[in-house]
Amino acid sequence: QVQVAESGGGLVQPGGSLRLSCASPRTILSVFTSSDMGWYRQAPGKERELVANITSRGIINYADSVKGRFTISKQNNRKMLYLQMNNLRPEDTAVYYCTRKETGAPAYWGQGTRVTVSS
């Protein structure tokens with residue numbers, strides 16, 4: 001049963017923008033609202049790394065490499081998580097994963113959406 005599903009990846013030129021979305025349609029609204037959520041990415045030949053996360057209280061954390069370029073946002077009433085990515089660089093090329101974590105439970109991971117930054 002799919003708990004989170006990413007979309008919005010694609011091919012973009014350096015300097016371009018993309019917005020990734022993560023849906024949790026099967027999650028009860030109150031559970032979604034109380035969940036911590038995040039975006040991770042895994043580039044070819046590298047380990048998965050945190051891009052940004054947001055707690056249920058709205059505390060946000062970004063990786064240094066994306067600060068000032070990426071914006072994470074959570075829209076509880078729609079049960080959606082977003083990642084606005086601006087000024088993309090070739091080194092941002094990766095598969096991006098959405099995670100959702102409820103208190104006392106392991107995190108759910110999506111299948112990932114591929115982002116390729118290339119001219």
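The structure this text deals with has already been given above.
The notes below deal with the structure included here. Fair warning: this is a prediction, and the values are worked out from it, not measured in the lab.

Under the counting rule described, the total for this entry stands at 1 disulfide. Between the sulfur atoms of C22 and its disulfide mate C98 the distance is 2.0 Å. Residues C22 and C98 share a disulfide whose torsion about the S-S bond is about -75°; that sign makes it left-handed. A residue pair is termed long-range when its members are at least 10 positions apart, and C22 in strand β3 (residues 18-23) and C98 in strand β9 (residues 94-101) qualify at 76 residues. Residue classification places C22 among the buried residues on the basis of a relative accessible area of 0%. Judged by relative accessible area, C98 falls into the buried class, the value being 0%.

Moving on, we get to the pattern of salt bridges. All told, the structure shown has 5 salt bridges when counted by the stated rule. Here R41 makes a salt bridge to E49, at a shortest N to O gap of 2.7 Å. On the accessibility criterion, R41 (5% relative accessible area) is buried. Of the charged contacts, one joins R41 and D92 as a salt bridge, the two residues approaching to 2.9 Å between their closest N and O atoms. In this pair, R41 is assigned in strand β4 (residues 36-42) and D92 in the loop between β8 (80-85) and β9, connecting sequence segments 51 residues apart. Among the residues examined, D92 registers a relative accessible area of 0% and is labelled buried. Via salt bridges that share partners, R41, E49, R69 and D92 belong to a single interconnected network.

This part covers the pairing of β4. Looking at chain direction, β4 and β9 are connected through 7 bridges and run antiparallel. When the sheet's bridge partners are listed, M37 is paired in β9 with R100. The pairing of β4 with strand β5 (residues 49-54) spans 5 bridges and is antiparallel. Residue G38 lies in a different strand from β5, and its bridge partner there is N53. Remark: 6 residues form the turn of the hairpin made by β4 and β5, two consecutive strands paired antiparallel; G45 in that turn has positive phi of roughly 75°.

Rules and cut-offs
All residue numbers here refer to positions counted from 1 along the written sequence of the relevant chain. Local features in this predicted model are restricted to residues whose pLDDT is 70 or higher, and side-chain atom pairs enter the listing and the counts only when it is 80 or higher, whereas totals over whole chains, interfaces and linings include all residues. Heavy atoms throughout the structure, all of them, feed into the side-chain values; hydrogens and water do not. A pair of sulfur atoms, both from cysteines and within 2.5 Å, is called a disulfide here. Only DSSP runs of H or I covering at least 4 residues are called helices, and only runs of E covering at least 2 are called strands; the numbering of each starts at the N terminus. For every residue, the accessible area (1.4 Å probe, protein chains only) is compared with the maximum for its type, and the residue is labelled buried under 20%, exposed over 50%, or partly exposed between those bounds. A carboxyl oxygen of Asp or Glu within 4 Å of a side-chain nitrogen of Lys or Arg is what we treat as a salt bridge. When DSSP finds two or more bridges between a pair of strands, those strands are recorded as paired.

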